[in-house]
Amino acid sequence: MSAPTARADIHPAERRTDRPDFGRPVRVVRSRDGRFSRRLDVRTAAVCAVLLLVSLAVGVVALTTGDYPLSVGQVLGALTGASEGPVRMVVVEWRLPRALLALVLGAALGASGAVFQSITRNPLGSPDVIGFNTGAYTGALVVLMVLGGGYGGVAVGALIGGIGAAVLVYVLAYRRGVQGFRFVVVGIAVSAMLSAVNGWLVITADLETAMAATLWGAGSLNGTTWEQAAPATVLVVVLLLALVPLVPRMHLLEMGDDAATALGVHRERVRLALVGVGVALIAVVTAAAGPISFVALAAPQLARRLTGGAGVQVLPAAAMGALLLSASDLVAQRLIPSTQLPVGAVTVVLGGAYLVWLLVREARR
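Being a predicted model, the structure only gives us computed values, none of them experimental. Here the residue numbering is sequential within each chain, running from 1 through the sequence in written order. Where totals are concerned, whole chains, interfaces and linings use all residues; where local detail is concerned, this predicted model gives features only for residues with pLDDT of at least 70, and gives and counts side-chain atom pairs only at 80 or more. Derived side-chain values reflect all non-hydrogen atoms in the structure, with water molecules and hydrogen atoms excluded from consideration.

Asker: Help me out: how do you make sense of the overall build of the chain in this one?
Answerer: Each helix and strand counted, the chain has 14 helices and three strands in total. The buried share among the 365 residues of the chain stands at 48%. A sequence separation of at least 24 residues applies to 69% of the contacts in the chain between residues at least 6 apart. As displayed, the chain has an accessible area near 17800 Å², and 67% of this comes from carbon and sulfur atoms. Numbered from the N terminus, helices here are DSSP runs of H or I no shorter than four residues, and strands are runs of E no shorter than two. To sort residues, take the accessible area from a 1.4 Å probe on protein chains only and compare it with the maximum for the residue type: under 20% means buried, over 50% means exposed, and anything in between is partly exposed. Between two residues, a contact is recorded if the distance between any of their heavy atoms is within 4.5 Å. Note on areas: Shrake-Rupley with a 1.4 Å probe; residue coverage comes only from the protein chains shown.

Asker: How do you make sense of the side chain of T286 when you look at a structure like this?
Answerer: In this structure, T286 sits in helix α11 (residues 267–289). T286 has contacts with A136, Y137, A158, W216 and P291, leaving out every residue within four places of it along the chain.

Asker: Looking at this model, I keep getting lost on the packing of aromatic side chains. Mind explaining?
Answerer: Stacked, tilted and edge-to-face pairs are distinguished by plane angle, under 30 degrees for stacked and over 60 for edge-to-face with tilted covering the rest, among Phe, Tyr and Trp rings (Trp via its six-membered ring) whose centres lie within 6.5 Å. Across all of its chains, the model carries two aromatic pairs by this definition. Relative to F183, the ring of F132 lies with its centre 6.2 Å away and its plane at 80°, an arrangement referred to as edge-to-face. Residue F132 is found in helix α4 (residues 132–147), and its partner F183 is found in helix α6 (residues 180–204); the two are separated by 51 residues along the sequence. No difference in accessibility class separates F132 from F183, as the two residues are buried. Here a set of aromatic residues connected by ring pairs shows up, and it is made of F116, F132 and F183.

Asker: Help me out: how do you make sense of helix α2 (residues 72–80) in this one?
Answerer: Residues lying three or four places apart along an α-helix face the same way, a consequence of the helix completing one turn every 3.6 residues. Three or more residues of α2 are buried, namely V75, G77 and A78. End-on, the buried residues of α2 take up no more than an arc of 160°, which puts them together on one face. With its phi angle positive at about 90°, G81 sits one or two positions after the end of α2. In this description, the arc belongs to the directions extending from the helix axis to the C-beta atoms.

Asker: Could you clarify how one ought to interpret the layout of surface pockets in this entry?
Answerer: Buried and open spaces are told apart on a 1 Å grid over the protein atoms alone, a cavity being a set of points where a 1.4 Å probe fits but cannot get out and a pocket being an open set with protein on both sides within 12 Å along at least five of seven lines. Residues with an atom within 4 Å of a point are the lining residues. Grid points are joined across faces, edges and corners, and a volume is the space filled by probe spheres set on the points. As a volume, the second largest pocket reaches approximately 500 Å³. Lining the second largest pocket are 22 residues; nearest its centre among them are R95, R98, Q333, R334 and Q340. Of all elements in the fold, only α3 (86–120) and α13 (314–334) reach the threshold of two or more residues within the lining of the second largest pocket. No other element matches α3, which puts six residues into the lining of the second largest pocket.

Asker: How do you make sense of the pattern of salt bridges when you look at a structure like this?
Answerer: Side chains carrying opposite charge are able to pair once their charged atoms draw close together. The salt bridge criterion pairs a side-chain nitrogen of Lys or Arg with a carboxyl oxygen of Asp or Glu, the two atoms within 4 Å. Per the counting criterion, the structure on display carries two salt bridges. Note that R88 and E93 form a salt bridge whose closest N and O atoms lie 3.9 Å from each other. A relative accessible area of 31% places R88 in the partly exposed class. For E93, a relative accessible area of 36% gives the class partly exposed. Among the salt bridges present, the one from D329 reaches R98, with a minimum N-O distance of 2.8 Å. Separated by 231 residues along the polypeptide, D329 in helix α13 and R98 in helix α3 bring together distant segments of the chain. Assigned by exposure class, D329 and R98 land together as buried.

Asker: Could you clarify how one ought to interpret the packing of helix α12 (residues 295–307) against α13 in this entry?
Answerer: The axes of two packed helices give the description: the angle between them and the distance between them. Note on definitions: angles span 0 to 180 degrees between N-to-C directions of axes, and those axes are lines fitted to C-alpha atoms, for helices only across the stretch in contact. At a minimum axis distance of 8 Å, the contact between α12 and α13 shows a crossing angle of 120°. Here α12 is positioned oblique relative to α13, judged by the angle of their axes. Considering only the axes of α12 and α13, their crossing is right-handed. Each of V295, A298, A299, P300, L302, A303, L306 and T307 in α12 lies in contact with α13, whose residues at this interface are P316, A317, M320, G321, L324 and L325. Here the contact of α12 with α13 is composed, by residue class, of 12 nonpolar, two polar and no charged. Angles below 35 degrees are treated as roughly parallel, those above 145 as roughly antiparallel, those between 65 and 115 as roughly perpendicular, and all remaining angles as oblique. Less than a right angle of anticlockwise turn of the near helix away from the far helix marks a crossing as left-handed, whereas a clockwise turn marks it as right-handed. Residues were grouped as follows: Ala, Val, Leu, Ile, Met, Phe, Trp, Tyr, Cys and Pro as nonpolar; Asp, Glu, Lys and Arg as charged; and all remaining residues, including Gly, as polar.

Asker: Before we go on, may I ask you to explain empty space enclosed by the protein in this structure?
Answerer: Rolled over the atoms, a probe as big as a water molecule pinpoints where empty space is left. This structure, assessed with the given rule, holds two cavities of 30 Å³ or more. Roughly 50 Å³ of internal volume is contained in the largest cavity. V58, G59, A62, A99, A102, S326, D329, L330 and Q333 together form the lining of the largest cavity. At the level of elements, α1 (42–64), α3 and α13 are the ones that each hand at least two residues to the lining of the largest cavity. The element that contributes the greatest number of residues to the lining of the largest cavity is α13, accounting for four residues.

Asker: Honestly, the nonpolar core in this entry has me stumped. Any pointers?
Answerer: As a rule of thumb, soluble globular proteins bury nonpolar side chains together. In these notes, a set of buried Ala, Val, Leu, Ile, Met, Phe, Trp, Tyr and Cys residues joined through side-chain atoms within 4.5 Å is what counts as a nonpolar core. Among the nonpolar cores identified, the biggest contains 74 residues, and L105, L109, F132, L243, L274 and I292 are the most heavily contacted of them. Looking at this core, the element that brings in the most residues is α11, giving 14 residues. Non-local contacts of I292, meaning those with residues more than four positions away in its chain, are made with L109, N133, G219, V285, L325, V343 and T347.

Asker: Explain the side chain of S126 here, please?
Answerer: Turning to its location among the elements, S126 is positioned in the loop between α3 and α4. You can call S126 buried: its relative accessible area is 0%.

Asker: How should I be thinking about helix α7 (residues 207–217) in this particular structure?
Answerer: Turning to α7, its buried residues number three or more, namely A210, A213 and W216. The buried side chains of α7 occupy one side of the element, clustering within an arc of 130° when seen end-on. Opposite the buried face of α7, by more than 90 degrees, sit the exposed residues L207, E208, M211 and L215. G219 lies just past α7 and shows a positive phi near 85°.

This is the structure:
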């Protein structure tokens, strides 16, 4: 018997009146023996591919520009081992960890934002709005200022703080299930309280520690080395893989609790799993670069508008997040000569403008 080979057929999108993407071209890829079958939205796949290519192009620009300008050929030579000496040190040791971390953390923020906006069914249901970013920052500050821990301790503290904030919001918002609007409002309140705690921790610390914590709290990729980039990349990849089997159930939850339950979804169990993975992604970002705002808020909605889908999707949101953070970091490095801004300052400016537009749009609706 010959080995199964894959073939692809073009089929029209399924006729569903509750989705505005009716009639979208869908490519169904299946093996000849029928054991494997997967629907692939052509437009979504194309958008993801374009976003990833543009993100990689931005990363290449970041590797070639700076106080020591290089050509693309020199960068490729350093990456392949053909170039040695100063060129390899500048590319591989100094610039590559930062460029890689911007892509990876941006993807983590975009994916996490898609998860929480799907759970809450609200474009404002982002981890930096509903307090999970702030909780992760609180946990990291406690380890940094009270316990005097290093990078590993800060990562664990960020994870515990983010999970603690998520549990608090979940418990306070739970009333025979979790409703999106209540979840967002409770999250905003918890975020405000945790921000006050963070301010108190910084004020009561000694001057040197307070300055370091304040700079880190702005969200910065300055001085990134492989010590931060390598473990963060591994953790983000593992968490994104853990998210893959949860995504179909996440989309079923968007249909409503009753419909999801009728289809065999254990809604609260799935929600808790999604919250756990989403908070873990935010904790990795916070531990590696500090709290970076607005990427998780904007990436899923911008990606949804490009794909034209009915709801947010994890993969396009991750690709958009990678592009937003890598482009913002490039602006942070090159906007002011001889000065490197925290990337969080750039994302706050861009995200603030996006948030104003989003609020005006929702008010008109």
